[in-house]
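# Notes for the structure review
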Amino acid sequence: MSDLQQNIQQANTYLQRFKDNTTGHYINGEWTLGTSGKTFANISPADQQPLGEIAEGGEVEVNRACEAAQDAFVEWRDMAGAERKNILNRLADKLVERADEIALVESTDCGQAIRFMKQAAVRGAANFRFFADKAVEAKDGQALYQSEHTNLTVRSPIGPVGVITPWNTPFMLSTWKIAPALAAGCTIVHKPAEFSPLSAAILAEVSAEAGLPAGVWNMVNGFGEVVGKRLSEHPAIKAVAFVGETSTGSRIMEQGAATLKRIHLELGGKNPVIVFDDANFERALDAVVFMIYSLNGQRCTSSSRLLLQSGIRERFLEALKKRVENLTVGHPLDPNTEVGPLVHTEHFDKVLSYMETARSEGAIIAVGGQRCEELGVGNYVQPTLFTEANNQMKVAREEIFGPVLTEIEFDTEEKAIQIANDTDYGLAAYAWTSDQARSMRLAHKIETGMLWINSENNRNLPSPFGGVKSSGIGRDGGDYSFEFYMETKNVCFAHGTHRVPKLGA
Ligand code: NAD
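Residues numbered from 1 in each chain as written. Predicted model: local features only at pLDDT ≥ 70, side-chain atom pairs only at ≥ 80, totals over all residues. Heavy atoms only, no water.

## What to know about the overall build of the protein
A tally of regular secondary structure across the protein gives 17 helices and 20 strands. Against the 2.2 N^0.38 benchmark of 23 Å for 505 residues, the protein shows a C-alpha radius of gyration of 24 Å, consistent with a compact globule. Judged by the C-alpha coordinates and their principal axes, the protein covers about 85 × 60 × 35 Å. By sequence separation, contacts in the protein at least 24 residues apart represent 75% of the contacts at least 6 residues apart. Carbon and sulfur atoms make up 49% of the accessible area of the protein, which amounts to about 20400 Å² in all. Taking the average place of the 49 positive charges on the side chains of the protein and the average place of its 63 negative ones, the gap between the two points comes to 5 Å. (Helix = DSSP H or I, 4+ residues; strand = E, 2+ residues; numbered from the N terminus. Rg over C-alpha atoms; globule rule 2.2 N^0.38 Å. Contact = heavy atoms within 4.5 Å. Areas by Shrake-Rupley, 256 points an atom, 1.4 Å probe, with all protein chains shown as cover. Lys, Arg positive; Asp, Glu negative; His and termini not counted. Charge placed at Lys NZ, Arg CZ, Asp CG, Glu CD.)

Here it is, written out as structure tokens:
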């Protein structure tokens, strides 16, 4: 039996329960199918076969989940940080125990190649462990002295929070949000994406196995316009952590306005990778290929605009074309697969529509440009490279969110910076150069939340993660996360020496 067949067989043993039973909501420590009786189908991106039915939540379920999160809040908030730390570490252990299941289910559900999902549980567990350690110090504040008063700042969790996640790498993104929220002492209501909901159900199960008190972790499945909307409007929810499209982010701000929600938005990107003439050729080539074709290009930090300096361009493009042509597209559970199927036919059609856009705008389709007919009915798109584009074209301005790279030539550093910044987005940028002074100039001039010099995306949990402009508001990571999930109170102590103003004496 091939590795692929073995993986499919093993995945099927994990997936059978989802096929046999409707996946429900997890509210106040209990699984429920909700009140409406409505469900929606979850479809495999590899072959369009059903992966089971998902309960379609409505306002009733969101209200119940938010009330449960509110009822559980005080106990969770007041629990000693060390105890929260133990529970979150236990949760991390449970994730690792189910690593094989999580990888195979996630890969099947969202179409991401198993080579990238194998470590998902271990990395998710690392997120929980990192914030578990920080739970102990979450409430720490500052002492700020004046001559006759001393101010102490006290941090406390903001309250129940809504966590709304997208379909691209749902497991990992959910753990990034939920781990700091719980460590801070917040309770959560999670609304997973409707295209890839299965790992959210596993996460909720693991939360119960780890011994989280009922109501601390709630999860409601359903559609954004109903479940997501109600969650971002509900008065018990004090903050919403959202990852998804820019247009949805602005809708969430509107929906949360009446209740003055604190909002954290991690949105789209059209991230440039700038390769200068003096770049390390091989390392830059590896990173350029990796940062757009891994994870099917369905990655917010993917470098989807390639800015090539004139001196290196021809040689770089020649090598790049060979690499793109050589990418292995295939079943997500095949260990050899580098590019899997896109998550859903709707998204697949959107990505394919950009092939025609590129043609009509006058870009050259140097590689790819079509669906992979030979792979059958799955959502397989050929890894695609557009060359000779300019930054005004739609293929250089809009987030395609697929294995599609748009190349643009530049001559000077100033021009590269101008093109890199000429976009509505501002999530990430990458630059390849051996000139240290230039790197410093870029660090100050590139308008993004994150810039990697001579590296692909490298995540460091204490470092801030997030975007500017249409790519978002707020930062994740380390103490930045606690700034979002916690309130700071100032308590001022008089030394008893100052003159209190006397009125009406
Ligand atoms: P999306 O905005 O369509 O959906 C995201 C989530 O929002 C889903 O759970 C959806 O049901 C929900 N939603 C939809 N309408 C809503 C509403 N009115 N109120 C509340 N919730 C609502 O995004 P997507 O297509 O699932 O994900 C892809 C997008 O996510 C891309 O733009 C990508 O760049 C972005 N993304 C960003 C980051 C980041 O860190 N910046 C990371 C991953 C993905």
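The rest of the description comes next.
## Some words on the sheet that holds strand 20 (residues 486–494)
Taken together, three strands build an open sheet; the order of strands is 5-6-20 and the sheet is antiparallel. On the outer flanks of this sheet lie strand 5 (143–145) and strand 20, each paired with one strand and no other. Averaged over all pairs of adjacent strands, the angle between strand axes in this sheet comes to 25 degrees, irrespective of strand direction. For strand 5 and strand 6 (residues 149–157), the ladder comprises three bridges, and the chain directions are antiparallel. By the bridge assignment for strand 6, Leu144 is matched with Asn151. (Pairing = 2+ DSSP bridges. Axes fitted to C-alpha atoms, helices over the stretch in contact; angles between N-to-C directions.)

## Here's the deal with the domain arrangement of the protein
Each assigned domain of the protein is listed here: domain 1 (3–267 + 467–489) and domain 2 (272–453). Contacts between domain 1 and domain 2 engage 33 residues on the former and 37 residues on the latter. When domain 1 packs against domain 2, the two sides together hide about 2900 Å² of surface, and 61% of this comes from carbon and sulfur. Taken together, the links from domain 1 to domain 2 amount to one salt bridge. A salt bridge links Lys469 to Glu447, with the nearest nitrogen and oxygen atoms 3.3 Å apart. Residue assignment for the side of domain 1 that touches domain 2 shows that the elements contributing at least two residues are helix 1 (3–20), helix 4 (99–110) and helix 5 (114–117). (Domains from an automatic or database assignment. Buried area = accessible area lost by both parts, 1.4 Å probe. Salt bridge = Lys/Arg side-chain N within 4 Å of Asp/Glu carboxyl O.)

## So, the packing of helix 6 (residues 120–135) against helix 17 (residues 478–485)
Between helix 6 and helix 17, whose axes approach to 11 Å, the crossing angle comes to 70 degrees. Considered as vectors, helix 6 and helix 17 are oriented roughly perpendicular to each other. Between helix 6 and helix 17 the crossing geometry is right-handed. On the side of helix 6, the interface is formed by Phe130, Phe131 and Lys134, while helix 17 contributes Gly478, Asp479, Ser481 and Phe482. (Parallel < 35°, antiparallel > 145°, perpendicular 65-115°, else oblique. Left-handed = near helix turned anticlockwise from the far one by under 90°.)

## Remarks on the sheet that holds strand 14 (residues 364–367)
What the seven strands build is an open sheet, ordered 14-15-16-13-12-17-18; its pairing is mixed. The sheet is open, and its two edges are formed by strand 14 and strand 18 (450–453), each paired on a single side. Strand-to-strand twist of the sheet, defined as the mean angle between neighbouring strand axes without regard to direction, takes the value 25 degrees. Two elements, strand 12 (residues 271–275) and strand 13 (residues 303–309), share five bridges in a ladder whose sense is parallel. From the neighbouring strand, Asn271 faces strand 13, where its bridge partner is Ser303.

## A look at the environment of Met486
Take Met486: it is sitting in strand 20. Sequence separation of Met486 and Gly185 is 301 residues, and the distance between their C-alpha atoms is 8.4 Å. Once you skip the residues sitting within four places of it in the chain, Met486 turns out to touch Ala138, Lys139, Arg155, Ser156, Pro157, Ile158, Ala184 and Arg262.

## A look at the side chain of Asp109
Among the secondary structure elements, Asp109 is positioned in helix 4. At 11 Å, Lys19 is the nearest oppositely charged side chain to Asp109, a buried residue that forms no salt bridge. (Buried < 20%, exposed > 50% of the residue type's maximum accessible area, 1.4 Å probe, protein only.)

## Some points on the site of the ligand
Around the ligand lies a shell of 29 residues, among which Lys191, Glu194, Thr248, Leu267 and Glu399 are the nearest. The separation between an oxygen atom of the ligand and a polar side-chain atom of Glu194 is 2.6 Å. In the model, an oxygen atom of the ligand is placed 2.9 Å from a nitrogen or oxygen of the Glu266 side chain. Starting from 860 Å² of accessible surface for the ligand in isolation, the protein chains cover 94%. At the level of secondary structure, the elements contributing two or more residues to the shell around the ligand comprise helix 9 (224–233), strand 10 (239–243) and helix 10 (246–257). Tallying contributions element by element places helix 10 first for the shell around the ligand, with four residues. Tallied by class, the residues present in the shell around the ligand amount to 14 nonpolar, eight polar and seven charged. (Near = heavy atom within 4 Å. Polar contact = N/O pair within 3.5 Å; in protein donor to acceptor, adjacent residues only side chain to side chain. Nonpolar A, V, L, I, M, F, W, Y, C, P; charged D, E, K, R; others polar.)

## Details of the pairing of strand 11 (residues 262–266)
Two faces make up the sheet, and in a regular strand the side chains alternate between them. A large share of strand 11 lies buried, amounting to four of its five residues. Direction of pairing for strand 10 relative to strand 11: parallel, over a ladder of five bridges. Following the sheet pairing, Ala239 is matched in strand 11 by Arg262. You can see the chain leave strand 10, run along helix 10 and come back into strand 11, and the turn it takes is right-handed. Here strand 11 runs beside strand 19 (residues 472–473); their pairing, made up of two bridges, is antiparallel. Bridging across to strand 19, Glu266 finds its partner in Gly472. (Right-handed = clockwise from strand over helix to strand, strands pointing away.)

## Here's the deal with the state of the cysteines
Scanning the model with the defined rule gives zero disulfides in all. In this structure Cys372 is not part of a disulfide, and its nearest cysteine sulfur, from Cys110, lies 18 Å away. What makes Cys372 buried here is its relative accessible area of 3%. (Disulfide = S-S within 2.5 Å.)

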